[in-house]
Amino acid sequence: MRFVGNIEAKTDSKGRAFLPAQFRKVLQTNGEERIVMKRDVFQKCLVLYPESVWNQRIDELNSRLNVWNGKHQMIMRQFMSCVEVLTLDSSGRFLISGLYRKMANINQTIRFVGMGDVIEVWSGDELEKTMMDEETFSAELESLMSGNDTKGSEEI
């Protein structure tokens, strides 16, 4: 499953948004009926997980946690506490509740960003803050792809 692209959209007065057609098509092709929405752990955006991808991520997290460790319980509780399971309506819309709009600083204009197996939902203002300038991006990508960068070694 691969979601790609950066698509601008709007929410209506109730906070409903149309999932872009190209992303709905990927979901349908893969037999996905529900998506899971969560605030991102690192960025001020929302992440939409196809249900099968969400289940894989939870299985991976569970495999690293010890249920008898208090800190691990806290991590799982915090990770799972702000999650909504959504079904698109017949028009391809879903609701971004007021709580989630506040978490991601979303007003009316939003951006859907395909990130491989998940979709990020951004306030346009917040997304711009996370982007590198073209020269930095080129240099970082070159370093990463040429093997001069160790995976996850530095914060950008």
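Just above sits the structure.
Residues numbered from 1 in each chain as written. Predicted model: local features only at pLDDT ≥ 70, side-chain atom pairs only at ≥ 80, totals over all residues. Heavy atoms only, no water.

By the definition in use, this model includes seven salt bridges. We note a salt bridge from Arg34 to Glu51, for which the minimum N-O separation is 2.5 Å. Of this pair, Arg34 sits in strand E3 (residues 34–39) while Glu51 sits in helix H2 (residues 51–64), and the two are 17 residues apart along the sequence. By relative accessible area, Glu51 is classed as partly exposed at 24%. With a shortest N-O distance of 3.2 Å, Glu126 and Lys129 are connected by a salt bridge. Within this pair, Glu126 and its partner Lys129 are both found in helix H5 (residues 124–130), separated by three residues, close to a single helical turn. Take Glu126: its relative accessible area is 9%, and that puts it in the buried class. (Salt bridge = Lys/Arg side-chain N within 4 Å of Asp/Glu carboxyl O. Helix = DSSP H or I, 4+ residues; strand = E, 2+ residues; numbered from the N terminus. Buried < 20%, exposed > 50% of the residue type's maximum accessible area, 1.4 Å probe, protein only.)

At their nearest, the axes of H2 and helix H3 (residues 70–81) sit 11 Å apart, and the two run at 165° to each other. By the angle between their directions, the pair H2 and H3 is classed as roughly antiparallel. Our pair here, H2 against H3, has a crossing hand that is right-handed. Packed against H2, whose contacting residues are Trp54, Ile58, Leu61, Asn62 and Arg64, the element H3 presents His72, Met76, Phe79 and Met80 at the interface. Split into classes, the residues belonging to the contact of H2 with H3 amount to six nonpolar, two polar and one charged. (Axes fitted to C-alpha atoms, helices over the stretch in contact; angles between N-to-C directions. Parallel < 35°, antiparallel > 145°, perpendicular 65-115°, else oblique. Left-handed = near helix turned anticlockwise from the far one by under 90°. Contact = heavy atoms within 4.5 Å. Nonpolar A, V, L, I, M, F, W, Y, C, P; charged D, E, K, R; others polar.)

To continue, consider the sheet that holds E3. Strand order in the open sheet formed by six strands is E1-E7-E8-E4-E3-E5, with antiparallel pairing between adjacent strands. Each having just a single partner strand, strand E1 (6–10) and strand E5 (83–87) make up the two edges of the open sheet. Strand-to-strand twist across the sheet, computed as the mean angle between neighbouring axes with direction ignored, equals 25°. Two strands pair when backbone bridges link them, and E3 and strand E4 (residues 46–50) are joined in this way by five bridges, in the antiparallel orientation. (Pairing = 2+ DSSP bridges.)

Turning our attention to the nonpolar core. A general feature of soluble globular proteins is that nonpolar side chains tend to end up buried together. By size, the foremost hydrophobic cluster in this structure holds 22 residues, and its most contacted members are Leu48, Phe94 and Phe112. Listing elements by their share of this core, those giving two or more residues are helix H1 (21–29), E3, E4, helix H4 (98–103), strand E7 (109–114) and strand E8 (119–123). It is H1 that provides the largest number of residues to this core, a total of three residues. Of all hydrophobic cores here, the second largest spans 15 residues; its members include Val36, Tyr49, Leu65 and Trp122. (Core = buried A, V, L, I, M, F, W, Y, C linked by side-chain atoms within 4.5 Å.)

Taken as a whole and assessed by the stated rule, the structure comprises four aromatic pairs. Note on Tyr49 and Trp54: the rings are 5.0 Å apart at their centroids and 65° apart in plane angle, and the pair reads as edge-to-face. For the pair Trp54 and Phe79, a centre-to-centre distance of 5.6 Å together with 5° between the ring planes defines the contact as stacked. Of this pair, Trp54 sits in helix H2 while Phe79 is found in helix H3, placing the two residues 25 residues apart along the sequence. For the pair Trp54 and Phe79, a shared accessibility class is recorded, and that class is buried. Taken together through their ring pairs, the aromatic side chains of Tyr49, Trp54 and Phe79 make up a single cluster. The ring of Phe79 carries Lys38 above its face, with NZ or CZ at 4.7 Å from the centroid. (Phe/Tyr/Trp six-rings, centres within 6.5 Å; stacked < 30°, edge-to-face > 60°. Lys NZ or Arg CZ within 6 Å of the ring centre and 35° of its normal.)

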